[in-house]
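# Topology and contacts: notes
The chain contents come next:
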Amino acid sequence: MSIESEQLLSLVKKYNVPGPRYTSYPTAVQFTDQFDKGVLDAYHTNRTQEKREKSLYIHIPFCFSLCWFCGCTKVITKNQDRGDVYLGYLEKEMELINKTIHSGSVIKQIHFGGGTPTFLSPKQLRRLGMIIYDQFQIHKDVEFSVEIDPRRVEEEHIIALKEIGCNRASLGVQDTNEAVQKAIHRIQPFEQTQKVCSLLRKHGIKNINIDLIYGLHRQTFELFKKTVEDVLELDPDRFAIYSYAHLPSIMPAQRLLNEADMPSTGEKLSMLVHAIQFLPDYGYQYIGMDHFAKEDDELSLALKNGSLQRNFQGYSTHAELEMIGLGMSGISQGDTLYTQNEKDLDAYYEMLDDGRLPIKKVLPLSSKDLLRRELIMQVMCKRELDYGQFFEGDKQRFKEHFSDELFRLKELESDGFIQLTETGFMITDLGKLFLRNIAMVFDEYLKQKLHQTAYSKTV
Ligand code: SF4
């Protein structure tokens, strides 16, 4: 990809507006606590009758210390006994969820996210594994991943994770430079990360993803470049390189950061462009937005064969699975409904004490939502749109239905983001940097200005 930097900068200025990351459509901003309980009950009743493979996301909210850039739902504590209490409630929640799924449903994907899953001690991790295997039927080839904070993991944790079936790990690195680490309040010597990588491989957890962030405080283009070089030494299978989202009004911890230390938008974008241009030389393919994977990795294969999907963890394989989110703030994604658990830990416990699923918000999807969800996911995951895949192949109807949107696309076409084809449009290399902006054209909710303030900027 060759993009003149001046051309790119002017496009960034034009398109750098708040917008969703489209890990779902409609996005979580639209979930509401004013929902019809009858709709939720009916959804669960139907689910008990449908044998369907599933993906479990389990949220472990605890962290030992606060990273100032962080936008995750977490609870800062050093008291590991809180992990035992939490596991007791997770078990209750799984028992309740179990009553809402068909007894023949098999779990094909498990993900521990956080917070910090390795906040749990090895003993607690083993207990969590036992609870899961007691409650659900787990597929023998389950894809089982865990987010790891290299600062908080010992060999015993890794042994416990391997014992309970974990086969993928995602390591939070963010940036390897000490000055940046100080600025964001996350000191993590690179040797620590290297050691954890070796231990994971030693114990047979061979699929490794590294999370980096670009646009962090005190980060410069040169420092980011060095971080990428450092991390390449670890030979990960995947990279997730996220754009730092500065939203101090929503994430109060970010007020601790010095805004004067933030790189400019142009510098920030040059970091992403560098990753996109540099990583293919090392055998990594750009999957989209913030993900890169080795050519033979399942994500790359999913991109090629059209089975790539986007969910609350970013890009993922196994689009066919229903996703069930467990734990405080966990989000479930069904074919026709999203739900989100209580984000407040005490309220989450209280609902389970009452014998109720701790669901706080729900969004049933209308037929309009479903249509636009499919369309936006094609933009995000397939990088092209074939109008013939909608309205039973009636392209004319598609053009009439989306006439406003197609009119607005003309500007993106003239800016070089898309190219019209016989069947619809394809996204160009330049357009891959602006996937969110292309998807936003089809987002009906963005017309409501109120919702825009909840999103980070697209670059
Ligand atoms: S970045 Fe990770 S470890 Fe740091 S506060 Fe956020 S969830 Fe916790």
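All values reported here derive from a predicted model rather than from experimental measurement.

Parameters and conventions
- Residues numbered from 1 in each chain as written.
- Predicted model: local features only at pLDDT ≥ 70, side-chain atom pairs only at ≥ 80, totals over all residues.
- Helix = DSSP H or I, 4+ residues; strand = E, 2+ residues; numbered from the N terminus.
- Buried ≥ 20, exposed ≤ 12 C-beta atoms within 10 Å, placed from the backbone.
- Contact = placed C-beta atoms within 7 Å.
- Domains from an automatic or database assignment.
- Pairing = 2+ DSSP bridges.
- Axes fitted to C-alpha atoms, helices over the stretch in contact; angles between N-to-C directions.
- Near = placed C-beta within 6 Å.
- Nonpolar A, V, L, I, M, F, W, Y, C, P; charged D, E, K, R; others polar.
- Expected span 1.5 Å × (residues − 1).

What follows covers the overall build of the chain. Regarding its fold elements, the chain presents 16 helices and 19 strands. Referenced to the eigenvectors of the C-alpha coordinate spread, the extents of the chain come out at roughly 60 × 50 × 40 Å. With 459 residues in all, the chain has 42% of them scored as buried. Counting contacts in the chain only where the partners sit at least 6 residues apart, residues at least 24 apart contribute 74% of the total.

Below, the discussion takes up the environment of L279. By the secondary structure assignment, L279 is in the loop between α9 (265-278) and β9 (284-288). Residue L279 is classed as partly exposed on the basis of its 19 C-beta neighbours within 10 Å. Separated by 50 residues in sequence, L279 and E229 place their C-alpha atoms 9.6 Å apart. Apart from residues lying up to four places away in sequence, L279 is in contact with F239, Y284 and F292.

Under the domain assignment used here, the chain contains domain 1 (5-364) and domain 2 (367-445). Taking only C-alpha atoms, the centre of domain 1 and the centre of domain 2 are 28 Å apart. Taken together, the contact pairs 17 residues of domain 1 with 19 residues of domain 2. Secondary-structure elements contributing two or more residues to the side of domain 1 that touches domain 2 are α1 (5-15), β9 and β11 (309-311).

Moving on, we get to the sheet that holds strand β19 (residues 424-427). The three strands are arranged β17-β19-β18 in an open sheet whose pairing can be described as antiparallel. The open sheet is flanked by β17 (384-386) and β18 (418-420), the only strands paired with a single partner. In this sheet, neighbouring strand axes are inclined to one another by 20 degrees on average, regardless of whether the strands run parallel or antiparallel. Where β17 and β19 come together, three bridges link them in antiparallel fashion. In the sheet register, L385 faces β19, and the bridge partner there is F425.

Moving on: the site of the ligand. Inspection of the region around the ligand gives C63, L66, C67, C70, C72, K74, G114, G115, T116, D149 and G172 as its neighbouring residues. The residue inventory of the shell around the ligand, partitioned by class, reads five nonpolar, four polar and two charged.

Under the 1.5 Å per step criterion, the end-to-end length of α9 is 20 Å for 14 residues, consistent within 8% with the ideal 20 Å. Residues K268, L269, S270, M271, L272 and A275 constitute the buried set of α9.

Turning next to the pairing of strand β6 (residues 168-174). Counting buried positions along β6 yields seven of seven residues, so the element is predominantly enclosed. Where burial is concerned, the two faces of β6 agree: the one with R168, S170, G172 and Q174 and the one with A169, L171 and V173 are both buried. Bridge analysis of β6 against strand β7 (residues 207-214) gives six bridges, and the strand direction is parallel. Counted as the bridge partner of A169 is I208 from β7.

The next point concerns unusual backbone geometry. Peptide bonds are mostly trans, and most non-glycine residues show a negative phi. Each neighbour pair has its own omega, and for Y25 with P26 the value is -10 degrees, a cis peptide bond. Mapped onto the elements, P26 comes out in the loop between α1 and α2 (37-48). With an omega of 25 degrees, the peptide bond running from G114 to G115 counts as cis. With respect to the secondary-structure elements, G115 resides in the loop between β4 (106-114) and α4 (122-135). Although it is not a glycine, Y22 adopts a positive phi angle of roughly 50 degrees. Looking at the secondary structure, you find Y22 in the loop between α1 and α2. We classify Y22 as buried; it has 21 C-beta atoms within 10 Å. Located in the positive-phi region is H318, a residue other than glycine, with phi close to 60 degrees. Examined against the element boundaries, H318 turns out to sit in the loop between β12 (314-316) and β13 (322-326).

Tracing the backbone shows D235 in the loop between α8 (221-232) and β8 (238-243). With 25 residues separating them along the chain, D235 and I210 place their C-alpha atoms 9.5 Å apart.

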